[in-house]
Amino acid sequence: MKRLLSGIQPSGELHVGNYLGAIRNWVALQDEYEALYCVVDLHAMTVKYDPAAMSDRTHDMAATLLACGIDPEKSTLFVQSHLTEHSELAWILNCVTPMGELYRMTQFKDKSARNQQNINVGLFTYPVLQAADILLYQAAAVPVGEDQVQHVELTREIARKFNGRFGKVFTEPKALLTKTGRIRGLDGQAKMSKSLNNQIPLLADEEAIAKLLRPAFTDPARLRRTDPGNPEVCNIFPLHHGFSPDADVKRVDEECRKAEIGCVECKRLLGRNISDSLAPVRERYESMGRDHVRDVLSQGAERARKIASATIEKVREKAGLLGRKGAK
Ligand code: AMP
Ligand code: TRP
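Calculation notes
Residues numbered from 1 in each chain as written. Chains lettered and ligands numbered in written order. Predicted model: local features only at pLDDT ≥ 70, side-chain atom pairs only at ≥ 80, totals over all residues. Heavy atoms only, no water. Near = heavy atom within 4 Å. Polar contact = N/O pair within 3.5 Å; in protein donor to acceptor, adjacent residues only side chain to side chain. Helix = DSSP H or I, 4+ residues; strand = E, 2+ residues; numbered from the N terminus. Nonpolar A, V, L, I, M, F, W, Y, C, P; charged D, E, K, R; others polar. Expected span 1.5 Å × (residues − 1). Bend = angle between axes of the 7 residues up to and from the residue. Buried < 20%, exposed > 50% of the residue type's maximum accessible area, 1.4 Å probe, protein only. Areas by Shrake-Rupley, 256 points an atom, 1.4 Å probe, with all protein chains shown as cover.

1. What to know about the site of ligand 2
Phase 1: If you check the shell around ligand 2, you find 13 residues, and the closest are Gly7, Tyr126, Gln130, Asp133 and Gln148.
Phase 2: Interatomic distance of 2.7 Å between a side-chain N/O atom of tyrosine 126 and a nitrogen atom of ligand 2.
Phase 3: Here a nitrogen atom of ligand 2 sits 2.7 Å away from a polar atom, N or O, in the side chain of aspartate 133.
Phase 4: For the shell around ligand 2, the secondary-structure elements that each account for two or more residues are β1 (3-8), α7 (121-135) and β4 (141-144).
Phase 5: No other element matches α7, which puts four residues into the shell around ligand 2.
Phase 6: Residues that form the shell around ligand 2 fall into these classes: six nonpolar, six polar and one charged.

Here you go:
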C-alpha cells in the first residue's frame with residue numbers, strides 16, 4: 001500500500017466544512033493507503049494562542065478524529081510535537097529552502113497581513129515544517145484542500161533541492177485534492193470557518209443545528225415562498241449533498257426549482273439529516289475516555305517514530321553530520 005500523510009491544526013472545534021472537505025476523506029482513505037494522520041500542534045504555535053488551552057485542544061482534536069472514524073487499527077494517529085524528528089528535519093530543510101520561495105506562499109501573505117503585530121519567523125517557515133511532516137515519512141500522497149496545494153508543491157521542490165545537493169533520500173509527494181470544494185459559511189459570504197463565526201460545529205445537536213440554519217443565507221431569488229429557486233446557486237444546498245440521502249437531495253433539487261418546497265422545510269430536512277448523520281460521531285465523542293485517546297496517541301507516536309527516525313538517520317548521514325556515538 002502506498003503511504004499517505006496529512007495534518008490538522010488543533011485550533012478548536014471542527015465544523016461540518018472540515019468534515020466534508022477533509023476528515024470524511026481521511027476516513028475513506030485509510031482503506032486504500034497506509035495512512036498517517038498528525039495533529040500539528042507546532043504549526044498552531046505560529047499564531048497567538050492560549051498555552052493553558054493548547055494541550056486540551058490537541059487532545060480534543062485527536063478525540064474528534066477518532067470519533068469521526070479514524071481507526072487506530074488501520075491508521076497511525078499522532079501528535080507532531082511528540083516526535084522531535086519533525087523540528088529537527090525542519091531545521092535541516094530550512095537550510096536548503098530559498099527565502100524567496102517562502103515569500104511567495106499565499107498563506108504566509110494572508111496570515112501576516114492579518115497578524116501585523118505577530119509576523120514571527122515560525123509563520124514564515126511554516127511550510128518548511130509542513131514539508132518535514134511529509135518527507136519524514138516518505139509519503140507518496142498528501143490529501144489536502146485547494147489552499148494547501150502550494151505547500152505540497154513547495155515540499156516537492158524542497159525534496160528535489162535536498163536530493164540534488166546531498167543525494168537521494170526523499171520521495172516527492174503528490175497532493176490528493178479533496179473532491180468536495182469549499183463549503184461556504186452560513187452567512188453566504190465566505191468559506192465556512194471558525195474565525196468567521198459562520199459555521200455549524202461538527203458536534204452540535206439537532207436543536208443547535210436548527211437554530212443556526214434558520215437565519216442561514218439561501219438563494220437570493222427566493223424572496224417569497226412562491227419564488228422558484230436554483231439549488232446550484234443556493235448557499236446551503238451543498239450541505240444537502242454532503243449529508244442528505246439521495247432521495248432528499250433529489251426532492252429538494254426538483255421542488256426548489258418549482259417553488260414546491262420552501263426554505264423553511266428545506267432547512268428543517270437538512271438540519272435533521274446533518275444531525276442524524278453525525279449522531280454516531282457525537283455519541284462516540286461523548287463516550288471517548290481520556291485514557292483511550294492517550295493510549296492511541298502514544299502507540300501512534302511509537303509507530304511513527306520507527307519511520308521518522310530511520311529517515312532522520314539517513315538525512316544526517318547524507319548531510320555529513322558527525323554520527324552520534326552508538327547510533328547506527
Ligand atoms: P482549517 O480549519 O482551515 O485549518 O482546515 C482544516 C481542514 O479542513 C483543511 O484540510 C481544509 O482544507 C478543510 N476545510 C476548512 N474549511 C473548509 C470549508 N469551509 N470547506 C471545505 N473544507 C474546509
Ligand atoms: N498546513 C496544513 C493546514 O493548514 C496543516 C498541515 C501541517 C499539513 N502539516 C501537514 C497538511 C502535512 C498536510 C500534510 O491545513
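2. Remarks on helix α1 (residues 16-29)
Phase 1: With 14 residues, α1 extends 18 Å from end C-alpha to end C-alpha; this agrees with the ideal 20 Å at 1.5 Å per step.
Phase 2: A maximum bend of about 40 degrees is found in α1 at alanine 22.
Phase 3: Along α1, the residues classified as buried are Val16, Gly17, Tyr19, Leu20, Gly21, Ile23, Trp26 and Leu29.

3. Notes on the site of ligand 1
Phase 1: Taken together, the neighbourhood of ligand 1 is formed by 13 residues, with Gly17, Asn18, Arg182, Ile183 and Met192 sitting nearest.
Phase 2: A distance of 3.2 Å is found between a nitrogen atom of ligand 1 and a backbone nitrogen or oxygen belonging to glycine 17.
Phase 3: At 3.0 Å, a side-chain N or O of asparagine 18 approaches an oxygen atom of ligand 1.
Phase 4: Burial of ligand 1 by the protein chains amounts to 79% of its free accessible area of 470 Å².
Phase 5: At four residues, α1 tops the list of elements feeding residues into the shell around ligand 1.
Phase 6: For the shell around ligand 1, the class distribution of residues is four nonpolar, six polar and three charged.

4. Some details on unusual backbone geometry
Phase 1: Not every positive phi belongs to a glycine, and asparagine 197 is a case in point at roughly 55 degrees.
Phase 2: Counting through the fold element by element, asparagine 197 comes out in the loop between β5 (174-177) and α9 (206-213).
Phase 3: One non-glycine residue, alanine 259, lies in positive phi territory at about 55 degrees.
Phase 4: Relative to the helices and strands, alanine 259 is located in the loop between α11 (246-257) and α12 (263-286).
Phase 5: Judged by relative accessible area, which is 14%, alanine 259 ranks as buried.

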